[in-house]
Amino acid sequence: MTHPHATLPPVIVPDATGHFGAYGGRFVPEALVAAIDDLTEAFHATQADPQFRAELAGLLRDYTGRPSPLTDVHRFSEVAGARVLLKREDLNHTGSHKINNVLGQALLTKRIGKKRVIAETGAGQHGVATATAAALMDLECTVYMGEEDTRRQALNVARMRLLGAEVVPVTTGSRTLKDAINEAMRDWVTNVESTNYVFGTVAGPHPFPLMVREYQRVIGDEAREQILERVGRLPDVVAACVGGGSNAIGIFTAFVPDSQVRLVGLEAGGDGIDTGRHASSITGGVPGVLHGARSYLLQDENGQTIESHSISAGLDYPGVGPEHSYLNDIGRAEYRPITDAEAMDAFALLSRTEGIIPAIESAHALAGALKLGKEIGPEGIILVNLSGRGDKDVETASKYFGIAP
Amino acid sequence: MTALGDTLAKAKADGRAALIGYLPVGYPSVQVSIDGMLAMVAGGCDIIEIGVPYSDPVMDGPTIQAAAEPAVQAGVGIADALRAVTAVSEAGAAAVIMSYWNPIDRYGVARFAADLAAAGGSGVITPDLIPDEAGDWLAAADEHGLDRVFLVAPSSTDARIVSTAAASRGFVYAAAVMGVTGARESVSSAARELVARFRALAPEMPVCVGLGVSTGAQAGEIAAFADGVIVGSAFVRRLLDSPDAAGVAAAGDLARELAAGIRS
Ligand SMILES: Cc1ncc(COP(=O)(O)O)c(C=O)c1O
């Protein structure tokens with residue numbers, strides 16, 4: 001059988017200013033262009049520099065604990081109706097995939113000679129990872145976090161402060177991730193000479209979508225090797241949750257050329273797409289420009305961003321990375337919504353069947369696997385990116401399940 | 001429709017810089033914001049920058065955010081901005097739209113350009129659209145004879161100043177400081193240096209300076225080296241302090257103070 005994607009290049013390469021087809025680019029104030037150009041150049045130079053790459057690989061191994069394991073989840077698989085394997089990004093130092101990207105960007109910050117980093121954070125995982133790398137590499141660190149999220153993820157606020165970072169609660173707009181990004185951008189325009197913006201996902205202006213992908217693709221590079229060794233064949237489906245899309249791109253990239261492997265991104269469906277209260281940018285949005293790139297976006301008829309809704313702070317974002325929009329439009333990846341309730345069911349199921357408490361973000365991918373398993377049957381294999389652990393979500397989950405002490 | 005270049009040339013012939021005042025449409029209401037703009041024209045503004053309120057204004061500080069947010073909530077959009085354009089141009093000033101890119105993108109670039117020209121608008125200032133991404137807009141502006149104002153900043157390289165000036169028509173907006181909109185105590189030396197660099201690289205193109213200007217004295221300082229002085233947050237502040245006829249009058253008073261400043 002010839003597959004429609006047989007002609008795809010091995011990896012998807014954006015053009016020189018970061019366009020993936022009609023998406024991506026650099027919709028930024030001119031004041032940031034020089035810094036973004038410098039960053040792009042430094043990124044390409046370090047990608048070609050064996051010493052930089054060895055230093056990063058060493059950190060990923062000795063500091064983060066890579067490679068992360070691949071775990072067969074037998075009892076969960078019985079319920080799913082197919083064989084499910086988890087790529088265990090929850091076991092990374094700091095508890096999620098975010099550290100992979102941050103170590104790369106923090107090393108790059110040192111390379112370009114800047115002394116201060118800023119970051120946005122939703123769930124707090126990217127903020128914690130950035131604060132961690134800043135402590136390790138002696139960088140000053142300020143993290144912007146929506147006030148609503150500082151409440152939902154109080155544990156991570158405390159972690160960041162313990163690590164020596166300044167956490168700034170953002171009180172504008174919806175007081176969630178999108179507003180934290182706005183505030184971080186304002187800081188960056190003002191302090192760009194001393195400050196590098198360590199962006200947490202594959203959205204934003206070029207070079208971030210490309211750069212963050214390249215720092216995250218280690219997830220899929222490892223997983224592809226691990227699953228071939230373990231099972232002797234490629235999975236039928238690779239599933240990951242999609243907020244901005246970094247863990248998903250991270251695990252998808254190695255499999256993009258394997259046209260027989262379905263790539264499925266699970267977006268936050270909130271109360272359900274038809275209620276309008278969700279964070280499913282691709283399933284429920286239209287293309288537009290937000291935070292420096294063109295991509296699918298939740299927006300109204302005036303072009304105003306619509307506030308997203310999700311039980312998961314890390315997925316509660318009205319935009320998505322441009323490469324996902326492109327993968328969707330060319331049909332190489334599929335995107336589906338998972339409601340809060342479906343995600344929390346999967347959260348409970350994994351906790352009870354496998355002794356693994358997932359991040360609520362990652363529970364969306366697990367819920368996707370539960371649906372996909374029924375579709376592909378018992379001979380099928382689903383690789384799920386377990387992007388993070390659920391410690392930060394214990395309070396939210398206890399309230400949700402009514403088991404708070 | 002007035003070409004911005006003609007307005008700037010006329011001010012120059014009078015031996016002064018032009019005064020450019022900004023207000024977002026829709027705060028506290030569409031009508032009161034238009035009244036404010038008309039008071040600014042009466043007070044001496046040559047050009048009015050009509051802001052389209054946007055949910056994610058990353059180039060704006062707290063003052064403009066505070067006015068834009070309720071306008072966004074109230075559903076104010078391009079159609080209201082076009083109403084303001086007509087009112088301002090009928091009052092004899094040049095009307096230029098200042099908008100983040102997504103509201104225009106959503107409205108449709110070609111449709112927007114046609115409607116703006118029909119409403120009597122001169123052009124558009126695009127704070128988050130650089131010429132590199134502006135292909136559709138450059139074409140639409142050419143088709144409808146609209147000016148397009150791109151920005152340069154103290155961080156802009158010489159090469160980018162040259163390419164930005166080449167893509168612009170009307171004038172180029174020089175950001176006086178690295179940062180977001182909002183009143184500042186003093187005029188930075190960065191503004192003067194940027195304008196000097198700009199003039200050496202693009203001597204034919206007018207350059208107007210904004211970000212942080214709030215008093216007649218500051219306007220006078222900038223008028224000495226730029227083709228135009230752009231004032232935003234200080235006008236918005238008048239309406240935030242008094243979102244009614246008194247605020248409208250205060251905006252007019254500020255325009256008079258600034259107009260005197262650029263002539264001193
Ligand atoms: C554990 C975890 N997974 C996923 C995400 C969503 O981000 P992305 O879509 O970039 O992977 C977050 C964000 O905070 C997270 O903490």
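Predicted model only: the values in this text are computed from it and were never measured.

**Things to note about the sheet that holds strand 6 (residues 151-152) of chain B**
Residues and elements named next belong to chain B. Pairing is parallel across the open sheet formed by 9 strands, whose spatial order is 5-4-3-2-1-9-8-7-6. Because the sheet does not close on itself, it has two edges, and the strands there are strand 5 (147-149) and strand 6. Direction of pairing for strand 7 (residues 172-175) relative to strand 8 (residues 207-210): parallel, over a ladder of 4 bridges. Among the inter-strand pairings, Ala175 is bridged to a residue of strand 8, identified as Gly210.

**A closer look at the interface of chain A and chain B**
The accessible area lost on association of the parts is a frequent measure of interface size. Between chain A and chain B, the contact holds 34 residues from the first and 35 residues from the second. On the chain A side of the interface with chain B, the three residues burying the most area are Glu30(A), Arg186(A) and Gln304(A), jointly 25% of the side's total. At the boundary of chain A with chain B, the tally comes to 4 salt bridges. Where Asp105(B) meets Arg294(A), a salt bridge forms, and the shortest distance between an N and an O atom there is 2.9 Å. Where chain A packs against chain B, one counts 20 residue pairs in polar contact (both at pLDDT 80 or more). Among the secondary structure elements, those contributing two or more residues to the side of chain A that touches chain B are helix 1 (33-47), helix 8 (177-191), strand 12 (286-290) and strand 13 (293-297) of chain A. Along the lines of polarity and charge, the residues of the side of chain A that touches chain B split into 13 nonpolar, 13 polar and 8 charged.

**Quick notes on the packing of aromatic side chains**
All names here are of chain A. Taken as a whole, this structure holds 12 aromatic pairs over all chains when the rule is applied. Judged by centre distance (5.1 Å) and plane angle (85 degrees), the ring pair of Tyr400 and Phe401 falls under edge-to-face. We classify Tyr400 as partly exposed; its relative accessible area is 37%. Within the aromatic cluster, the residues linked to one another by ring pairs are Trp188, Tyr197, Phe199 and Phe208.

**Re the confidence of the model for chain B**
Per-chain confidence: chain B averages 96 in pLDDT, with 100% of residues scoring 70 or above. The complex prediction reports pTM at 0.96, with the ipTM value standing at 0.96.

**Re helix 9 (residues 189-201) of chain B**
Residue and element names in this part refer to chain B. With 13 residues, helix 9 should cover 18 Å at 1.5 Å per step; its first-to-last C-alpha distance of 19 Å lies within 8% of that length. Among the residues of helix 9, Ala191, Leu194, Val195 and Phe198 are the ones counted as buried. Buried residues in helix 9, looked at end-on, bunch into an arc of 100 degrees, giving them a common side. When the buried face of helix 9 is taken as reference, the exposed residues oriented beyond 90 degrees from it are Glu193 and Ala200.

**Details of a nonpolar patch on the surface**
Residue and element names in this part refer to chain A. On the surface, Tyr400, Phe401 and Ile403 cluster together into a nonpolar patch covering about 290 Å² of accessible area. Tracing the chain through its elements places Ile403 in the segment after helix 16 (394-401). Owing to a relative accessible area of 57%, Ile403 belongs among the exposed residues under this scheme.

**So, the packing of helix 5 (residues 125-137) of chain A against helix 7 (residues 154-162) of chain A**
Residues and elements named next belong to chain A. Running from amino to carboxyl end, helix 5 crosses helix 7 at an angle of 10 degrees, the nearest separation of the two axes being 9 Å. Our classification of the angle between helix 5 and helix 7 gives roughly parallel. From helix 5, Gln125, Gly127, Val128 and Ala131 reach across to helix 7, where they touch Asn156, Arg159 and Met160. Grouping the constituent residues of the contact of helix 5 with helix 7 by class yields 3 nonpolar, 3 polar and 1 charged.

**Describing the site of the ligand**
Residue and element names in this part refer to chain A. Around the ligand, 19 residues are found, and the nearest of them are Thr201, Gly243, Gly245, Ser246 and Ser387. Here an oxygen atom of the ligand sits 2.7 Å away from a polar atom, N or O, in the side chain of Ser246. Taking 390 Å² as the accessible area of the ligand by itself, protein coverage stands at 98%. Sorting the residues of the shell around the ligand by element identifies strand 9 (237-242) and helix 11 (246-252) as the ones contributing at least two each. Along the lines of polarity and charge, the residues of the shell around the ligand split into 5 nonpolar, 12 polar and 2 charged.

Calculation criteria
Residues numbered from 1 in each chain as written. Chains lettered and ligands numbered in written order. Predicted model: local features only at pLDDT ≥ 70, side-chain atom pairs only at ≥ 80, totals over all residues. Heavy atoms only, no water. Pairing = 2+ DSSP bridges. Helix = DSSP H or I, 4+ residues; strand = E, 2+ residues; numbered from the N terminus. Contact = heavy atoms within 4.5 Å. Buried area = accessible area lost by both parts, 1.4 Å probe. Salt bridge = Lys/Arg side-chain N within 4 Å of Asp/Glu carboxyl O. Polar contact = N/O pair within 3.5 Å; in protein donor to acceptor, adjacent residues only side chain to side chain. Nonpolar A, V, L, I, M, F, W, Y, C, P; charged D, E, K, R; others polar. Phe/Tyr/Trp six-rings, centres within 6.5 Å; stacked < 30°, edge-to-face > 60°. Buried < 20%, exposed > 50% of the residue type's maximum accessible area, 1.4 Å probe, protein only. pLDDT = per-residue confidence, 0-100. Expected span 1.5 Å × (residues − 1). Arc of directions from axis to C-beta. Patch = residues over 30% accessible without salt bridge, like charges linked within 9 Å, V, L, I, M, F, W, Y side chains within 5 Å. Areas by Shrake-Rupley, 256 points an atom, 1.4 Å probe, with all protein chains shown as cover. Axes fitted to C-alpha atoms, helices over the stretch in contact; angles between N-to-C directions. Parallel < 35°, antiparallel > 145°, perpendicular 65-115°, else oblique. Near = heavy atom within 4 Å.

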